[in-house]
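This is what each chain is made of:
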Number of protein chains: 2
Amino acid sequence: MSGEERKDGCTVRFSPDGVATDVARGVTVLEACRSAGIAIDAVCGGTGKCGRCKVRPKGSFDPGDTSTLTADERDSGIVLACEATVTGDLEVEVLPRSRIRQHQILVRTLEAPVTRLSPWLKKVLLELPKATLYDNTADFERVQRALGDRDLEMPIITLRNMSRVVREGDWTVTATVADLEGRGEITRLESGDKCGCLLGLAVDIGTTTVVGQLIDLLTGNVVASASEYNRQISRGEDVIARMMYSEEGGGRELTSLARETVNSVISKLLDDVSRGRESPVTTHDLVGASIAGNTIMTHFFVGVDTRFIRLEPYVPVAHHMPPRSGYDLGLDIHPSSEVLLFPSRAGYLGGDVVADVLASGMHRGDDITMLIDVGTNGEIVLGCDEWLVSCACSAGPAFEGGEVSCGMRAMHGAMDRIRVNDDLTSSYHVIGDEPPNGICGSGLIDLVAEMYEHGVIDRKARIQALPTDRVRRTDEGVEFVVERRDRLGNGATTDLVVTDADLQNVLRTKAAIFGAATVLLKKMDEDLDDLDSLVIAGGFGNHLDIDRAVSIGMFPDIPREKYRFIGNGALEGARLALLSDDMRNDMVEIFEEMTYIELSVDNDFYDEFSSSLFIPHTDLEKFPSFREKKLPEGAE
Amino acid sequence: MSGEERKDGCTVRFSPDGVATDVARGVTVLEACRSAGIAIDAVCGGTGKCGRCKVRPKGSFDPGDTSTLTADERDSGIVLACEATVTGDLEVEVLPRSRIRQHQILVRTLEAPVTRLSPWLKKVLLELPKATLYDNTADFERVQRALGDRDLEMPIITLRNMSRVVREGDWTVTATVADLEGRGEITRLESGDKCGCLLGLAVDIGTTTVVGQLIDLLTGNVVASASEYNRQISRGEDVIARMMYSEEGGGRELTSLARETVNSVISKLLDDVSRGRESPVTTHDLVGASIAGNTIMTHFFVGVDTRFIRLEPYVPVAHHMPPRSGYDLGLDIHPSSEVLLFPSRAGYLGGDVVADVLASGMHRGDDITMLIDVGTNGEIVLGCDEWLVSCACSAGPAFEGGEVSCGMRAMHGAMDRIRVNDDLTSSYHVIGDEPPNGICGSGLIDLVAEMYEHGVIDRKARIQALPTDRVRRTDEGVEFVVERRDRLGNGATTDLVVTDADLQNVLRTKAAIFGAATVLLKKMDEDLDDLDSLVIAGGFGNHLDIDRAVSIGMFPDIPREKYRFIGNGALEGARLALLSDDMRNDMVEIFEEMTYIELSVDNDFYDEFSSSLFIPHTDLEKFPSFREKKLPEGAE
């Protein structure tokens, strides 16, 4: 806005970070943030839609469109980073809520003991007969001969040093032999006896977080765990935004960011496990990896096109990515190591869900089990050892911080438990025990349930005109004040409110999940009563109050003892596949046997969804616990 | 030598090339040549031994050791490029004989018709059912389904673009399917019907020259041929010099130079075949390659260590390099294409000889055949459909221009045919019809035979003291003048002579070959008379006069109609393996069945070698054609 002298590059300084970057005149402040490495929340991928990337610039800039901001915000100099453009030197204050912050990442898994360890990797100690003029067979064929398998292959990278390795060990070597999908390969050769150490890597590549474990393949134990948020987040918070970013030319960048994130997790794991050891564990000690992720993350990670997953009819490039080497995938593990990627059943039902099923064991007994993994999308699997059906519902990002004005992911500053008091003030718990900035998924479920119980909303989740200053009418509709601005975290410019529009988004999300679950049961002619078990997978379950989720009609009203939480099933599934060929066979079988139902062309789904757009449901017979309860005033 | 002002870098200018390079003070002139891209002849790899790299510098330099030069040469300012060091700015005249020049490269092969074409590559036209919401299987699995093979793999690079390719062709695609060594893979996917073009590459990587052919895999025809000298030559002319260069840290450079040479040949092939075509043939159209080379070239090409091939007991890293992709090997062909590398039997019996045998067909009939490939090393194979034995003799580089003062490779300026006249002057033919610079292998054989017939040398190849100015005594022994300096090519400073020492080197070379051939026959209890066929493979046979080679006792004295030339058998073998699975099976069988005899620990070899150190042989019974001939004076 200032009329300072024109120059080609503009210096943009960020506070309170104290970092600066030089950018060309005319780029957006969001681009300047990315260039400076400031992780900023842009759920929509920088298209001006989500209104999350609030910043307060001082200096030379064009504010762009500010119509989604409140008058208060505009008055205090706030603009959207994706709308504002740099016209000269600039100082930018990034509001705390606009930042991507430390997450609650779910590393806890079942860590079920594997009964019979059978990783696809083994170490074999070889005492090779020394080469002489009477037996000058090549080193490679000598090792093949000692292993008794002339079909074993060896990657160039391992061939390259083998003559030195063989002689340094005075013809005693340790061979790491891999046999994945029937292709035997000598992954690694070490001098002398190195049979005591055999490590593998299990990874869950989530849209939000990447979690890894170092697995001792000789014992099956987890020897280290680490996590990090997915570095792709600053290019769009959900998969749709990222696919659009990729289609605009950002595909390679997204692949690099995914790989960088995994490599950073590996680096943490190695640091952790090397602490106190005489010789540190190195990247080359990781001789195998098993990776589960949703279809889109897997596509980005491998580096293939996602365009046709986004567009109808939602076609991935590949369900089953053939195994690749660590080198091919740019991973900081042994370059010749094979990497197992969990197969995806559909564009929106990925390898992470196959891994969930594997970890849950639901494919093995005759109990009829339903598995629900709620993230930005809800994925539901129903089945037993005889059959499996699955579907994905675009639940919307309401429980991951999207499409809800006060929503945020389950990270520091998020209300994860909420009780509404009789005076309609709220009591709550905040992750990290600090002043709140917003409400995460479990908090929203609590809030809706409590508002309904206190008569603040009716069965259609409409806010009632109550005689209290906690309910107020604005230009855009009615809103309920969860907390006053003076009690919120640093930088809050408005009260923390939930609006009628927000509540409708939550209602649609819960209706999509319950509707989808009902459709699956109907397809298989099963009833809610037939369910022997209900498995909740994923980070969502970590904070969740099942009673509340049932009371708003999101999860089925079945005896609570049938509910089971498996935590990060994707990571656990990846670990199991690393350790056992039975599990790898199961993985393939789950992938092949699991029927996928495309809800967008399913006639039942719309009916079931519509019937679920009530608290808890149109048909109270489905929610026997609540049948007798007094309905709040204003409910039909 | 001049006392010019000191500066850090020195400019070295080359004439008559007119190119210049900046080098650090203290580097050798040879290194400056390499830096300027001047291909200079340094048989010994720059160790001061071969005395080939003669240059005439003017300016600031230290001449180094010039003891191997003649007084005349020293007087005219000649030094060795590998000995002289740069001490300041310099102008260097490179003598014509010091240069590596245009070669006679043997591209001619049998081009035997293959009776049943069965390349490991095929193209399949697929009309894919269009994806819908009711069938949204991924593109990769859709193609697998259409091909009826769910085990087919696909490299990342092909996966990466497949969704675009499928849709550009409106769901009609052409898949190139490879099946080499039991691993089915979809190498390439093209939009629409592209079944009319399927090309492969056959290459012979020789120590001196690299020759390639573009093969139409639909007809088996050779559609283009091209060649180039191996760019490694400037780092050492023979394999020993190059292995030493590699051990001194030049390994990666040698790998790059080998690959660069092959890529340059590919570029020539593509230019050639694209001429006049509407759409040019591109590197991606080359979807498979078959490569034969000696063990050391194959190791350099793949990029693995050669140190233990050079040292006793001569152990390669691998006989059978597993198939690699074009990308892995840095080749300018389709990156996903598989590259077949011919297996090597031993450190000094390479894939080129396996290819020779394949091309000769000697492994198929019950005729007893001997195959001889003479290069820097001589390789000999004896056998039929029942058995094959082989050996390599370090024939020495006498026939490739090494260890003989007047020797040079069969390139422009080389005498390849020589007759000694009654007045002891010589008549000769020069490759390229220009004034001679030296004598290549076939010329040397002619010369020795003619000198013997004219009584210039005795049966031990010692020059006789004849009353002629063509024979003269020097400080180092006796020499025979083949041609006066004034009739030689530009830059000659001395007469073209052959010395006693040269002749002993030729004698040892021919004795090694004949001795080795005799050992093989003896091992199998066969006699010279039992030979049904004698196959000469390689460039050497191109210029060779068999009668002369027999008359000096290098090749067996059997009926001349039993001799057969197959030309570049390595290239022909590579072509056959590209075209037919029978041939690929034969290749593996030859490799596996062929017994290798290590002559350095063979008791018979030294005896047979010693007995062959006569013209034609100690035992004249072995050379019935010459039994009755009058022996020249001086012979015992």
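Every chain is numbered on its own, with residues counted from 1 as its sequence reads. Chain labels run from A onward and ligand labels from 1 onward, assigned in the order the entries are written. Where local features are concerned, this predicted model is filtered to residues with pLDDT of at least 70; where side-chain atom pairs are given and counted, the filter is 80 or more; whole-chain, interface and lining totals use all residues.

1. Examining the overall build of chain A
Labels follow the DSSP assignment, with helices taken as runs of H or I lasting at least four residues and strands as runs of E lasting at least two, numbered in each case from the N terminus. Along its length, chain A carries 15 helices and 26 strands. Since a compact globule built from 636 residues should have a radius of gyration of about 26 Å, the 27 Å found for chain A is in line with a globular shape. Seen along its three principal axes, the alpha-carbon backbone of chain A occupies a region of about 100 × 75 × 45 Å. Counting all 636 residues of chain A, 53% fall into the buried class. Here, residues touch in the contact sense if the C-beta positions derived from the backbone fall within 7 Å of one another. By sequence separation, contacts in chain A at least 24 residues apart represent 68% of the contacts at least 6 residues apart. In this setup the radius of gyration rests on C-alpha atoms only. A globule is expected at 2.2 Å times the number of residues raised to 0.38. Think of it as a crowd count around each C-beta: if 20 or more other C-beta atoms lie within 10 Å the residue is buried, if 12 or fewer it is exposed, and in between it is partly exposed, with C-beta placed from the backbone throughout.

2. Quick notes on the relation of the copies chain A and chain B
Each copy is superposed on the other by least squares, with the fit set by C-alpha atoms of residues at a pLDDT of at least 70 in both. Mapping chain A onto chain B calls for a rotation angle of 180° and an axial translation of 0.0 Å; the resulting RMSD is 0.1 Å. What the superposition gives is, in effect, a two-fold axis relating one chain to the other. Measuring from the rotation axis to each C-alpha of chain A, the shortest distance belongs to A:R183, at 4.4 Å. An overlap of 100% is found between the interface residues of chain A and their copies at the interface of chain B, pointing to a shared contact surface.

3. Considering the sheet that holds strand β16 (residues 378–383) of chain A
All names here are of chain A. Any two strands between which DSSP finds at least two bridges are classified as paired. Spatial ordering of the open sheet is given by β25-β24-β15-β16-β17-β26, a layout of 6 strands whose pairing is mixed. Looking at strand neighbours, the two that pair on one side only are β25 (563–567) and β26 (595–597), the edges of this open sheet. Averaged over all pairs of adjacent strands, the angle between their axes in this sheet comes to 20°, without regard to strand direction. Pairing geometry for β16 and strand β17 (residues 388–393), over 6 bridges, is antiparallel. Residue pairing across strands places G383 opposite L388, the latter belonging to β17. Only the contacting stretch of a helix is used when fitting its axis, a line to C-alpha atoms as for every element, and angles between N-to-C directions run 0 to 180 degrees.

4. Description of the sheet that holds strand β23 (residues 496–499) of chain B
Across a sheet, strands are paired by hydrogen bonds formed along the backbone, either parallel or antiparallel in direction. All names here are of chain B. The 3 strands lie next to each other as β21-β22-β23, forming an open sheet whose pairing is antiparallel. Strand pairing shows two members of the sheet lacking a second neighbour, β21 (471–474) and β23, which therefore form its edges. Between one strand and the next, the sheet's axes are offset by a mean angle of 40°, whatever the strand orientation. In terms of strand pairing, strand β22 (residues 477–483) meets β23 through 4 bridges, oriented antiparallel. Directly across from V481, in β23, lies its bridge partner V497.

5. What about helix α13 (residues 581–593) of chain B?
All names here are of chain B. Between the first and last residue of a helix there are one fewer steps than residues, each counted as 1.5 Å, and that sum is the expected span. With 13 residues, α13 ought to run about 18 Å at 1.5 Å a step, and its terminal C-alpha atoms sit 18 Å apart, in line with that. Within α13, the full set of buried residues consists of M583, R584, D586, M587, I590 and F591. Each buried residue of α13 lies within a common arc of 155° when the element is viewed along its axis, so the set occupies one face. Looking at the packing, one finds that the buried side of α13 touches α8 (351–360), β17 (388–393) and α12 (569–579). Think of the arc as the fan of directions from the helix axis to the C-beta atoms.

6. As for the packing of helix α10 (residues 500–523) of chain A against helix α14 (residues 603–611) of chain A
All names here are of chain A. The geometry of α10 relative to α14 is characterised by a closest axis approach of 8 Å and an angle of 135° between their N-to-C directions. It follows from the interaxial angle that α10 and α14 lie oblique. For the pair α10 and α14, the crossing hand works out as right-handed. Seen from α10, the contacting residues are A511, A512, G515, A516, T518, V519 and K522; seen from α14, they are D604, F605, E608 and F609. Comment on the angle field: the value is read as roughly parallel under 35 degrees, roughly antiparallel over 145, roughly perpendicular from 65 to 115, and oblique elsewhere. We call a crossing left-handed when the near helix sits turned anticlockwise from the far one by less than a right angle, and right-handed when that turn is clockwise.

7. A look at the domain arrangement of chain A
All names here are of chain A. Domain annotation of chain A identifies domain 1 (9–98), domain 2 (121–191), domain 3 (199–351), domain 4 (360–397 + 507–627) and domain 5 (407–499). Just so you know, the domain bounds were taken from an automatic or database domain assignment. Relative to domain 3, the C-alpha centre of domain 2 lies at a distance of 30 Å. Taken together, the contacts link 10 residues of domain 2 with 13 residues of domain 3. When residues of the side of domain 2 that touches domain 3 are assigned to their parent elements, the largest contribution, 3 residues, is made by strand β7 (residues 172–180). Split into classes, the residues belonging to the side of domain 2 that touches domain 3 amount to 5 nonpolar, 3 polar and 2 charged. For this scheme, ten residues count as nonpolar: Ala, Val, Leu, Ile, Met, Phe, Trp, Tyr, Cys and Pro. Four count as charged, namely Asp, Glu, Lys and Arg, and the remainder, Gly too, count as polar.

8. Examining the environment of A:G236
Considering the arrangement of structural elements, one finds A:G236 in the loop between β11 (222–229) and α5 (239–274). Separated by 165 residues in sequence, A:G236 and A:G401 place their C-alpha atoms 13 Å apart.

9. Focus on the interface of chain A and chain B
Many authors give the size of an interface as the accessible area that is lost as the parts come together. Tallying the contact residues gives 38 residues for chain A and 38 residues for chain B. Of all the secondary structure elements, the ones that give two or more residues to the side of chain A that touches chain B are α3 (139–147), α4 (156–168) and α7 (307–310) of chain A. Of the residues that constitute the side of chain A that touches chain B, the class distribution is 21 nonpolar, 6 polar and 11 charged.

10. Brief notes about unusual backbone geometry
With an omega of 0°, the peptide bond running from A:E312 to A:P313 counts as cis. Mapped onto the elements, A:P313 comes out in the loop between α7 and β13 (324–325). In this structure, the amide linkage connecting B:I615 to the following residue, B:P616, adopts the cis form with an omega of -10°. Within the chain, B:W171 stands out as a residue other than glycine whose phi angle is a positive 70°. By C-beta crowding, B:W171 is classed as partly exposed, having 17 other C-beta atoms within 10 Å. With phi around 70°, B:L424 is a residue other than glycine that occupies positive phi space. Assignment of secondary structure puts B:L424 in the loop between β18 (414–420) and β19 (426–430). Using a count of 19 C-beta atoms within 10 Å as the deciding quantity, one classes B:L424 as partly exposed.

11. Quick word on the pairing of strand β8 (residues 183–191) of chain A
Residues and elements named next belong to chain A. Alignment of β7 against β8, held across 8 bridges, turns out to be antiparallel. Directly across from A175, in β8, lies its bridge partner L189. A loop of 2 residues connects β7 with β8, the two strands running antiparallel in sequence, and E181 in this loop sits at a positive phi of about 55°.

12. Thoughts on the packing of helix α8 (residues 351–360) of chain A against helix α13 (residues 581–593) of chain A
Residues and elements named next belong to chain A. The interhelical angle for the contact between α8 and α13, taken along N-to-C directions, is 125°, at an axis separation of 10 Å. Between α8 and α13, the angle falls in the class oblique. Classified by chirality, the crossing of α13 by α8 is right-handed. Of the residues in α13, those in contact with V354, V357 and L358 of α8 are M583, D586, M587, I590 and F591. Of the residues in the contact of α8 with α13, the class split is 7 nonpolar, no polar and 1 charged.

13. With respect to the pairing of β16(A)
The two faces of the sheet receive side chains in turn, since in a regular strand these alternate between them. Residue and element names in this part refer to chain A. Burial runs high along β16: 6 of the 6 residues are buried. Residue alternation in β16 divides its side chains into two sets, G378, I380 and L382 and E379, V381 and G383, and both sets are buried. Bridge count for strand β15 (residues 369–374) against β16 is 6 bridges, and the pairing is antiparallel. Within β16, the position partnered with L371 by the bridge is V381. Between β15 and the antiparallel strand that follows it, β16, lie 3 residues. The hairpin turn running from β16 into β17, its antiparallel successor, is 4 residues long.

14. Focus: the confidence of the model for chain A
Residues and elements named next belong to chain A. Every residue carries a pLDDT, the predictor's confidence in it, which falls somewhere between 0 and 100. Of the residues in chain A, 93% reach a pLDDT of 70 or more, and the chain-wide mean stands at 89. This stretch, residues 102–108, has a pLDDT under 50; its non-local contacts, to residues over four places away or in other chains, come to 24 contacts. Across the whole predicted complex the pTM is 0.82, and at the interface the ipTM reaches 0.82.

15. Re the nonpolar core
Residues of type Ala, Val, Leu, Ile, Met, Phe, Trp, Tyr and Cys that are buried and joined through C-beta atoms within 7 Å form what is called a nonpolar core. The biggest cluster of nonpolar side chains holds 163 residues, and the ones touching the most others in it are B:I291, B:L358, B:I380, B:V448, B:A516 and B:A574. Excluding its chain neighbours within four sequence positions, the residues that come into contact with B:I380 are B:M370, B:L371, B:I372, B:S390, B:C391, B:A516, B:A517 and B:L520. Grouped together as the second largest cluster of nonpolar side chains are 161 residues, A:Y245, A:L286, A:V430 and A:I439 included.

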